[in-house]
Amino acid sequence: MAAHKPVEWVQAVVNRFDEQLPIKAGQQNTHTKVSTEHNKECLINISKYKFSLVISGLTNILKNVNNMRIFGETAEKNLYLSQLIILDTLEKCLAGQPKDTMRLDETMLVKQLLPEICHFIHTYREGNQHAAELRNSASGVLFSLSCNNFNAVFSRISTRLQELTVCSEDNADVHDIELLQYISVDCSKLKRLLQETVFKFKALKKVAQLAVINSLEKAFWNWVENYPDEFTKLYQTPQTDMADCAEKLFDLVDGFAESTKRKAAVWPLQIILLVLCPEIIQDIAKDVVEETKMNKKLFLDNLRKALAGHSGSRQLTESAAIACVKLCKASTYINWEDNSVIFLLVQSMVVDLKNLLFNPSKPFSRGNQNADVDLMIDCLVSCFRINPHNNQHFKICLAQNSPSTFHYVLVNSLHRIITNSALDWWPKIDAVYCHSMELRSMFSETLHKAIQGCGAHPAIRMTPSLTFKEKMTSLKFKEKPTDMETRSYKFLLLSLVKLIHADPKLLLCNPRKQGPETQGSTAELITGLVQLVPQSSMPDIAQEAMEALLVLHQLDSIDLWNPDAPIETFWEISSQMLFYICKKLTSHQMLSSTEILKWLREILICRNKFLLKNKQSDRSSCHFLFLYDVSGGGTSQISLDHEEMIRCTPGATLRKGKGNSSIESAAGCSGTPICRQAQTKLEVALYMFLWSPDIEAVLVAMSCFRHLCEEADIRCGVDEVSVHNFLPNYNTFMEFASVSNMMSTGRAALQKRVMALLRRIEHPTAGNTEAWEDTHAKWEQATKLILNYPKTKMEDGQVTESLHKTIVKRRMSHVSGGGSIDLSDTDSLQEWINMTGFLCALGGVCLQHRSNAGLATYSPPMGPVNERKGSMISMVSTEGNAETPVSKFIDRLLTLMVCNHEKVGLQIRTNIKDLVGLELSPALYPMLFNKLKNTISKFFDSQGQVLLTETNTQFVEQTIAIMKNLLDNHTEGSSEHLGQASIETMMLNLVRYVRVLGNLVHAIQIKTKLCQLVEVMMERRDDLSFCQEMKFRNKMVEYLTDWVMGTSNQATDEDVKCLTRDLDQASMEAVVSLLAGLPLQPEEGDGVELMEAKSQLFLKYFTLFMNLLNDCSEVEDESAQTGGRKRGMSRRLASLRHCTVLAMSNLLNANVDSGLMHSIGLGYHKDLQTRATFMEVLTKILQQGTEFDTLAETVLADRFERLVELVTMMGDQGELPIAMALANVVPCSQWDELARVLVTLFDSRHLLYQLLWNMFSKEVELADSMQTLFRGNSLASKIMTFCFKVYGATYLQKLLEPLLRTVITSSEWQHVSFEVDPTRLEPTESLEENQRSLLQMTEKFFHAIINSSSEFPPQLRSVCHCLYQATCHSLLNKATVKEKKENKKSVVSQRFPQNSIGAVGSAMFLRFINPAIVSPYEAGILDKKPPPRIERGLKLMSKILQSIANHVLFTKEEHMRPFNDFVKSNFDAARRFFLDIASDCPASDTVNHSLSFISDGNVLALHRLLWNNQEKIGQYLSSNRDHKAVGRRPFDKMATLLAYLGPPEHKPVADTHWSSLNLTSSKFEEFMTRHQVHEKEEFKALKTLNIFYQAGTSKAGNPVFYYIARRKRHQQRGSNSVSE
């Protein structure tokens, strides 16, 4: 279009520009601002090629806008902004005007545009806040217009001059004459103006003459300031024509100045005209002056006279001052070498001029302060440029007792000196660096007074430096400034901040000062500027302060902060600044917070540039760096250099030598480096901006994360550590930064992306925790305001509507503090929604920070001995820690799920449902599940009856929706947390509640949604936790099948019928998922045999499904006969039929044993449809791979075998999930039985060592010391005792029986007494003789024991080796870090008095040898009890042997101390014996597994233990399992097997499989061991045949055995084998 129809294309662009102006599009936001700027740039570029079209279009737009009628403050502001945009665009287009513009275009410009521009210049209203800016902008347009179109503008001015020569005095319109002040003038154009003025001056009316005089002077300065080189050349090469024009006009003006008033008016122009005549100035400087030039000389004399105050007229004195300042200013544009006369002229006046303008006791004033200030600034700047070393007037202006105007003049003069240095000979600002200290003091004092006048209480306490302080009176310091004074202080403060911005070195310079003093003065300066940033009452100053701070953070400026220690100073001061600003941002005390955040981003960029530049030298500042200890997920700080860290610890103030300016640190953080605090606060601020309703604020905050990561990259490079030690969440921060560069589709999509990233934050830090808690506090406050609306708004009458809306639109948090909120403003509610999502998404990581508060944890009974009680599960649920903020937040969310607020209740409920279901951090799932469960449980009374209310129903419906969203949404990390809390109870209660809702439309819809939830739940079955899954699923099937209506639905409304069919469909889909692999499990305690009960239950469901299929067929036939709407119903029925077939297939697949007999007859049914249906079901179960092995006679035995395999299953890391879970939940009263069962099972699988390793490791881990190992009645102790008993019986018999019989029967021991306790001696007994006897017997037994290592059973060697290794491993893990680093061999010895081998000996004697010695009859070694004296001796001997094993001497029992020498002398021998039996573990295949077969008694006991504790096992595995390590949860398999087997009391004995001799007595294993039956070939052959079964017992209590004869081939059957 641009190529073929340029006019139309340009017009389209112009129209788009017009439509997006604020006056038409409304108040601008970030997006519209960007769009407007884009359109502006587009028009500027087009104007280079289609100049006339663009200018014409813009002129028309400006004309239309100027003619618009507006009403209201907002419309007025939009009009003003639109005019500024148009004028700025015009100026830029005109500045780039092509040189080949046609004359016609020039005429058009003048005719159309010039009047509109003049409108702004002529209609200037004093005091109007917008008029001044509009006039300045319009003057810029006029200047650009006159650059290339001077003739047109000059013609207008010339015409007006001509008109003013003939008009009357009253009708004189001099507005066009004033255009001279704004047009672009070069030397030739100035001559034309002078010539035109000379030609018409006399004929002009007086008012016109004054206007010309005033405007020509401004035109002269336009020329000089825009073309200084031309003016300089005028003195190098005088131009006669210019001088002639100037001289003529001088004479004309001089003639005009008849009165004092006129002289005062013309003197400033006359001095300018003289300056244009270099030769005349030289001539009148001579002693003899020509007559024609006498009036010039006289003029100068009068000027000097008036300046000195001798004219007698104040008016002339003021005019003389103005003229002299103009002379001084003009002289600075002339090189001294070109004309020294003019400088002599200046010097003759400058002293009097300074005395007049800069007299503190008599300030110069003409009644127009702005004009006076401009005059003084011109004077000061000119004097500096003439002689920079004569700075007496500087000192006057710097003096504290000088008027504030002097300070203002000085500061603005310095600013002009810095910013305007067009000529080479003008001196630079460094000549003033010596006054840096005084300027800093002025800044400090002005800052204090300005803030004091605003009534603010600064967070940074500023104390004036000594330069000012000594000269102040205490009264003056304490008095609060008046409003006028405050205003002047603000103007001065703004100028000072601009001065810092212009040249930071001017206030940073510290000549001849030490490092601490330099750092202190820099800190004072920067803290002062930082304090200004949040000042909403001074927005201009705040903006300029940000610019100044940005300049101060440039590379060359930071080096000046403290040249002696730049790195340390940078960290301290910059971090203090960062901390303060972020603290203000997080408290939302800044209205322009988004702009401040943008500025903060630039600061971060500057910081990183400095760090990168000083990367190598940054090591010296390592005390400011901090690391996170992420090993345990915490945020503890690691000190890199303790002494240096202490140096940087911030107190209430900065280190600054004599100064004491400070930024107050965070309370309680005195031990933390300020840079740590700063980064924490920065993180907090960035996090909290993520929930802003302003998209730009969110994107800027996200982009700032990049610079945090860059800083971490730089610093980790310096310290050679991982970047994650500086930023634990580095990867997520980088993702935030990358998203900030992408174009967003809207704030909803952006917030969704933000929440997704927040959920990915893994490590809790001080920053994200504080951000969450601060946001939660604001969210709570906002929630209260929302719930109280509109009552709150009605009460808040102090806030005006316009201000209120302005604040609300910026940040809702501001109105939170003010106590009102406006829900008519969408940003308010949107911010609340964003906060809610933020808290949901980030809540999980904050939960980690609180040591997993609210997560389910399991407390095993295998704790220390003194704490061990019966088995009990300690689920630390959210109720136990209800005061945590996260818990409070979840509670609040649950209440808002049923919010019934009149205005926003629906929005709140909808958003809570979506946010909790879709955005909640997976780590909060367990807490949410528990709270939902507890809340829903309250919907039932004590008898279990439903408490039906509208609110409860609403909560249930919301819960269903949330749970479905949550389970449907496969959020990253959800699988890990879904199973940490069971949802069985909640789901059952939901169904129980929904069942009673009836069959109304809403109730049917809720039921349908609940069925859909059940289906999704089963899809996520592998991730969820079920304590009694089979029982739960059976109950759910029972409930949901009740909802299947079929043809029983008698509803007449077609819509209700459709809904009912939808419910049938949803119910059956849920039932299909529930029945997959589900063994039917009837209710317990009904007195019916298990298989019969299963069959009845199967028949119930199968009949229901068949009836439903018949219903579907009948309705389908009806639908086929009718058309229209019924076709949709037919499609529904087809889907329902498919689901029903699937349900039947799943039902039969999982219950072939109990169901096939009921269903097989359907294959021969007379109804063709029924037969076809059965064949379809049969086909499906065959396709599903149904195992018909369950119909075999050995099915029960096979299931028991699989149960044993499951319990003995071992994970990849050697863990035993089911066995250890069982060990942790079985009550201690059943530990003896459990020990027997576990040892038997695991030994039969050749896995005894793995069982012992797990048990012993846990026991050692929980032991407080070596002395407590295996001393209590723990499960590990009982397992060890059982192993010793079973595997060591023969060894003990062979070892101890000969020794004991010798002691009892030998004649030499017949009358020997072993009593060594003096209190128990008989009168005839000798203590020494008894001691010798006891020692002799003990020595005999001890040597027999330690010499029996070769006879020690290999199974017990495995036990001892396992105990030895487990002890070493656990104790090594308990050793300190220091011990590990030193790599000492005696690590264990250093922790406990004895080494780990001592644990082996101590346990072996305590649990194995000594019990047999003390009670030989009970141990089966002797046929009868030994005599009491022998028993006493054996008991005392066991004490001595135990002391040897324990490696300790007797201390408490005095009568045993005499044996200490014997005990001590045998320590080494005992140790060698223990090492011999524990050092090596025999290979598994070399060990005789005497328990390689399993008795029915143990299997039945295992079944009973698992059944009775399966719920506790599920809870234990839920809280402790590792999905990746264990794989598919073994608990699921166990639950399925137990469901098939049924409860223990239902176990039919007729089919029990016996795989060996069955003796339920505990001596069975001993019998098998003694006779070594397992080694006989006959036994092995019989075992492989699997022919024996046991059923019941005889009257005598002995087991009765059966065998299946058909399994034994006739030729192999023999009496021997049968008798076996």
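What you are looking at is a predicted structure, and each value in this text was computed from that prediction instead of being measured.

A.B. asks: So what's going on with the overall build of the chain? Which residues, and what values?
C.D. replies: A count of helical and extended segments in the chain gives 73 helices and four strands. Counting all 1620 residues of the chain, 55% fall into the buried class. In the chain, the share of contacts with a sequence separation of at least 24, taken over all contacts with a separation of at least 6, comes to 76%. When the accessible surface of the chain is summed, it comes to about 70,500 Å², and 50% of that surface belongs to carbon and sulfur atoms.

A.B. asks: I'd love a proper account of the packing of aromatic side chains, names of residues and values included.
C.D. replies: Applying the stated criterion across every chain, the model contains 26 aromatic pairs. Their ring planes at 15° and their centres at 6.0 Å tell us that W779 and W832 sit as a pair that is stacked. Taken together, the residues span a long stretch of sequence, with W779 in helix α37 (residues 766–788) and W832 in helix α41 (residues 826–849) at a distance of 53 residues. Each ring, one from F1098 and one from F1102, has its centre 5.2 Å from the other, and the planes form 15°; the classification is stacked. With a gap of four residues between them, F1098 and F1102 both fall in helix α51 (residues 1090–1121), about one helical turn apart. Assessed through its relative accessible area of 0%, F1098 is described here as buried. For F1102, a relative accessible area of 3% translates into the label buried. Ring pairs connect the aromatic residues F220, W221, W223, F231, Y235, Y333 and W426, which therefore count as one cluster.

A.B. asks: Residue-level account of the environment of V275, with values.
C.D. replies: Mapped onto the secondary structure, V275 falls in helix α13 (residues 260–275). Considered as a pair, V275 and L234 are 41 residues apart in the sequence and their alpha carbons are 9.9 Å apart. With near-sequence residues (within four places) excluded, V275 lies in contact with F231, Y235, I281, L327, A330 and I342.

A.B. asks: I'd love a proper account of the environment of I280, names of residues and values included.
C.D. replies: Summarising the element assignment, I280 is placed in helix α14 (residues 278–284). A relative accessible area of 6% places I280 in the buried class. Spatially, the C-alpha atom of I280 lies 8.6 Å from that of A243, the residues being 37 residues apart in sequence. The residues touching I280, leaving out its near neighbours within four places in the chain, are E247, L274, K293 and K296.

A.B. asks: Would you mind going over the pattern of salt bridges in detail, with residue names and values included?
C.D. replies: Summed over all chains, the structure comprises 40 salt bridges. Across the salt bridge formed by R314 and E318, the nearest N and O atoms sit 3.0 Å from each other. Separated by four residues within a single helix, R314 and E318 lie in helix α16 (residues 314–331), roughly one turn from each other. A salt bridge links D1064 to R1061, with the nearest nitrogen and oxygen atoms 3.5 Å apart. Here D1064 pairs with R1061, and both are found in helix α50 (residues 1054–1075), just three residues apart, close to one helical turn. Taken as a pair, D1064 and R1061 share a single burial class, namely buried. Each member of the salt-bridge network shares a partner with another, and the members are E37, K40, D88 and K92.

A.B. asks: Run through the state of the cysteines, naming residues and quoting values.
C.D. replies: Summed over the entire model, instances satisfying the criterion amount to zero disulfides. C383 provides the cysteine sulfur closest to C328, a residue in no disulfide bond, and the two sulfurs are 5.4 Å apart. Judged by its relative accessible area of 2%, C328 is buried.

A.B. asks: So what about the side chain of S47? Which residues, and what values?
C.D. replies: Counting through the fold element by element, S47 comes out in helix α3 (residues 30–47). Relative accessible area serves as the criterion here: at 1%, S47 is assigned to the buried category. A polar side-chain atom of S47 sits 2.5 Å from the main-chain carbonyl oxygen of I44. Setting aside chain neighbours within four positions, we find S47 in contact with V54, C93 and P98.

A.B. asks: Any chance you could break down the nonpolar core for me, citing the residues and the numbers?
C.D. replies: Core analysis: the biggest nonpolar cluster contains 347 residues, and F231, W599 and M1017 have the highest contact counts within it. In terms of nonpolar packing, the next biggest core, distinct from the first, is built from 92 residues, V1226, V1239, M1437 and L1541 among them.

A.B. asks: Outline helix α26 (residues 515–532), listing residues and values.
C.D. replies: The end-to-end C-alpha distance of α26, which contains 18 residues, comes to 26 Å, matching closely the 26 Å that a straight helix rising 1.5 Å per residue would cover. Buried residues dominate α26, accounting for 16 of its 18 residues.

A.B. asks: Let's hear about the packing of helix α17 (residues 341–357) against helix α18 (residues 369–386): which residues, and what values?
C.D. replies: At their nearest, the axes of α17 and α18 sit 11 Å apart, and the two run at 135° to each other. In terms of axis orientation, α17 runs oblique to α18. Considering the relative orientation of α17 and α18, their crossing is left-handed. Counting all contacts with α17, which are made through V346, V350, L353, K354 and L357, the residues of α18 involved are L375, M376, C379, C383 and I386.

A.B. asks: A description of unusual backbone geometry should follow, citing residues and the corresponding values.
C.D. replies: With a phi angle near 65°, H1447 is a residue other than glycine that sits in the positive phi range. Checked against the element boundaries, H1447 lands in the loop between α65 (1428–1446) and α66 (1460–1465). Of the residues examined, H1447 reaches a relative accessible area of 41% and is grouped as partly exposed.

A.B. asks: Can you lay out the side chain of T680 for me, pointing to particular residues and giving the numbers?
C.D. replies: Among the structural elements, T680 can be located in helix α32 (residues 674–689). Each residue touching T680, except ones within four places of it in the same chain, is listed here: A766, G767 and E770.

A.B. asks: Let's hear about the environment of T1319: which residues, and what values?
C.D. replies: Tracing the sequence through the fold places T1319 in the loop between α59 (1275–1305) and α60 (1327–1346). With 136 residues separating them in the primary sequence, T1319 and H1455 have C-alpha atoms 9.4 Å apart. Here D1317 takes part through its side chain, which lies 2.9 Å from a polar atom of the side chain of T1319.

A.B. asks: An account of helix α21 (residues 436–454) is needed here, citing residue identities and associated values.
C.D. replies: The end-to-end C-alpha separation of α21 is 27 Å, in line with the 27 Å expected for 19 residues at 1.5 Å each. Here α21 lies mainly inside the structure; 14 of its 19 residues are buried.

A.B. asks: Now, about the packing of helix α29 (residues 566–586) against helix α30 (residues 593–613): what can you tell me, with residues and values included?
C.D. replies: Where α29 contacts α30, the two axes come as close as 12 Å, and the packing angle between them is 165°. Classified by the angle between their axes, α29 and α30 sit roughly antiparallel to one another. Both α29 and α30 take part in a crossing whose hand is left-handed. Counted together, P566, I567, F570, W571, S574, S575, M577, L578, I581, C582 and L585 of α29 and S593, I596, L597, W599, L600, I603, L604, R607, F610 and L611 of α30 form the full contact between these two elements. For the contact of α29 with α30, a count of residues per class yields 17 nonpolar, three polar and one charged.

A.B. asks: Account for the confidence of the model for the chain, naming residues and giving values.
C.D. replies: Chain-level pLDDT for the chain is 74 on average; 72% of the residues reach the 70-or-more range. At the low end of the mean pLDDT range in the chain sits helix α63 (residues 1387–1391), at 31; at the high end sits helix α45 (residues 950–968), at 93. Contacts of residues 1121–1125 to residues separated by more than four positions or lying in other chains number three contacts, the stretch itself having pLDDT below 50. Here residues 1371–1394 scores under 50 on pLDDT; set against residues more than four positions off or in separate chains, the count is 33 contacts.

Definitions and cut-offs
- Residues numbered from 1 in each chain as written.
- Predicted model: local features only at pLDDT ≥ 70, side-chain atom pairs only at ≥ 80, totals over all residues.
- Heavy atoms only, no water.
- Helix = DSSP H or I, 4+ residues; strand = E, 2+ residues; numbered from the N terminus.
- Buried < 20%, exposed > 50% of the residue type's maximum accessible area, 1.4 Å probe, protein only.
- Contact = heavy atoms within 4.5 Å.
- Areas by Shrake-Rupley, 256 points an atom, 1.4 Å probe, with all protein chains shown as cover.
- Phe/Tyr/Trp six-rings, centres within 6.5 Å; stacked < 30°, edge-to-face > 60°.
- Salt bridge = Lys/Arg side-chain N within 4 Å of Asp/Glu carboxyl O.
- Disulfide = S-S within 2.5 Å.
- Polar contact = N/O pair within 3.5 Å; in protein donor to acceptor, adjacent residues only side chain to side chain.
- Core = buried A, V, L, I, M, F, W, Y, C linked by side-chain atoms within 4.5 Å.
- Expected span 1.5 Å × (residues − 1).
- Axes fitted to C-alpha atoms, helices over the stretch in contact; angles between N-to-C directions.
- Parallel < 35°, antiparallel > 145°, perpendicular 65-115°, else oblique.
- Left-handed = near helix turned anticlockwise from the far one by under 90°.
- Nonpolar A, V, L, I, M, F, W, Y, C, P; charged D, E, K, R; others polar.
- pLDDT = per-residue confidence, 0-100.

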